Amino acid sequence: MPRLLLLRHAKSSWDVPGLNDHDRPLNSRGRHAAPLMGRHIAAHALLPERIVCSTARRTRETLAGLLPYLDREMDIRLSRDLYDSGPADYIDVIRAFGGTARVLLIIGHNPTLQETAVELVGTGNPALIDTIATEYPTASLAVIDFPEKKWSEITPHGGRIVAFFQPRELEAVDSGNSPGG
């Protein structure tokens, strides 16, 4: 059963006027939230076997914040198709790059990441479904399971939402652990 993790990049900076959107870095809040989510992913055994990340700087910096907590071998791919695209493109990337991974992590952008989650989720906790449809804050993570055996077979509304984690909720319970500590 494939498990999809949809992570919106952490909070980005708007401090440099005229900077190309693709080149925007994380701000201090984003640099804090990415490792927080990385610790959470590791602590809850949500470790991906494959990661597909947008080529935008803020998504790559989000990935860098996760990596110290993802202590296993994994395949990491960068895809321009996750930048400035629609839900159909995200679903195509998931189907194409999922391969044999049991757990696939996509790091992308809103509104497309949120629209993709809404498009893929068909069952699960109605409160989570409603939350995802109305808000998908930066550095939030949706966990979606599919009954299909292959990523290439997943269908719209075929997934079951398992969890939806937001940084502000994790901060309330975070003990301040760091890698190796």
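This text goes with the structure placed above it.
Fair warning: this is a prediction, and the values are worked out from it, not measured in the lab.

Asks: Describe the overall build of the protein, naming the residues involved and giving the relevant values.
Replies: Secondary structure assignment for the protein yields six helices and seven strands. In sequence order, the protein lays out its α and β elements as β-α-β-α-β-α-β-α-β-α-β-β-α. Its C-alpha atoms put the protein at 40 × 40 × 35 Å along the principal axes. Here the protein, with 181 residues, has 50% of them falling under the buried criterion.

Asks: How would you explain the packing of aromatic side chains if you had to name every residue and give the values?
Replies: In total, this model carries two aromatic pairs according to the counting rule given. Relative to Trp151, the ring of Phe146 lies with its centre 6.2 Å away and its plane at 65°, an arrangement referred to as edge-to-face. Note that Arg24 overlies the ring of Trp14, its terminal NZ or CZ placed 3.7 Å from the centroid.

Asks: Let's hear about the nonpolar core: which residues, and what values?
Replies: Counting residues in hydrophobic clusters, the biggest one holds 25 residues, and the most contacted among them are Leu4, Leu6, Ile94, Ile106, Tyr136, Ile144 and Trp151. Looking at which element gives the most residues to this core, the answer is helix H3 (residues 87–97), with four residues. Once residues lying within four places of it in the same chain are set aside, the contact partners of Leu4 are Ile94, Leu104, Ile106, Leu120, Ala142, Val143, Ile144, Phe146 and Trp151.

Asks: Just give me the short version of the pattern of salt bridges, but keep the residues and values in it.
Replies: Applying the stated criterion across every chain yields a total of eight salt bridges. The shortest N-O distance in the salt bridge between Arg58 and Asp21 comes to 3.0 Å. A residue pair is termed long-range when its members are at least 10 positions apart, and Arg58 in helix H2 (residues 57–66) and Asp21 in the loop between strand E1 (3–8) and helix H1 (28–43) qualify at 37 residues. Residue Asp21 is classed as partly exposed on the basis of its relative accessible area, which comes to 29%. In this structure, Arg50 engages Asp75 in a salt bridge whose closest nitrogen and oxygen atoms are separated by 2.7 Å. Separated by 25 residues along the polypeptide, Arg50 in strand E2 (residues 50–54) and Asp75 in strand E3 (residues 75–79) bring together distant segments of the chain. The exposure class assigned to Arg50 is buried, which follows from its relative accessible area of 15%.

Asks: Tell me what's going on with the pairing of E1, and back it up with residues and numbers.
Replies: Taken across its six residues, E1 has six buried, putting it largely inside the fold. With burial as the criterion, each face of E1 is covered, one bearing Arg3, Leu5 and Leu7 and the other bearing Leu4, Leu6 and Arg8. Pairing geometry for E1 and strand E4 (residues 103–108), over six bridges, is parallel. Bridged to Leu7 within E4 is Ile107. Sheet topology places E1 next to strand E6 (residues 141–145); five bridges connect them, and they run antiparallel. Following the sheet pairing, Arg3 is matched in E6 by Asp145.

Asks: Explain the side chain of Arg8 to me, using residue names and the numbers behind them.
Replies: Note on placement: Arg8 falls in strand E1. Despite its burial, Arg8 pairs with no opposite charge; the closest candidate is Glu135, at 8.6 Å N-O. At 2.7 Å, the side chain of Arg8 and the backbone oxygen of Tyr136 are in polar contact. Those residues within four positions of Arg8 in sequence are excluded, and the remaining contacts are Gly108, Asn110, Leu113, Tyr136, Pro137, Thr138, Ala139 and Ser140.

The rules we used
- Residues numbered from 1 in each chain as written.
- Predicted model: local features only at pLDDT ≥ 70, side-chain atom pairs only at ≥ 80, totals over all residues.
- Heavy atoms only, no water.
- Helix = DSSP H or I, 4+ residues; strand = E, 2+ residues; numbered from the N terminus.
- Buried < 20%, exposed > 50% of the residue type's maximum accessible area, 1.4 Å probe, protein only.
- Phe/Tyr/Trp six-rings, centres within 6.5 Å; stacked < 30°, edge-to-face > 60°.
- Lys NZ or Arg CZ within 6 Å of the ring centre and 35° of its normal.
- Core = buried A, V, L, I, M, F, W, Y, C linked by side-chain atoms within 4.5 Å.
- Contact = heavy atoms within 4.5 Å.
- Salt bridge = Lys/Arg side-chain N within 4 Å of Asp/Glu carboxyl O.
- Pairing = 2+ DSSP bridges.
- Lys, Arg positive; Asp, Glu negative; His and termini not counted.
- Polar contact = N/O pair within 3.5 Å; in protein donor to acceptor, adjacent residues only side chain to side chain.

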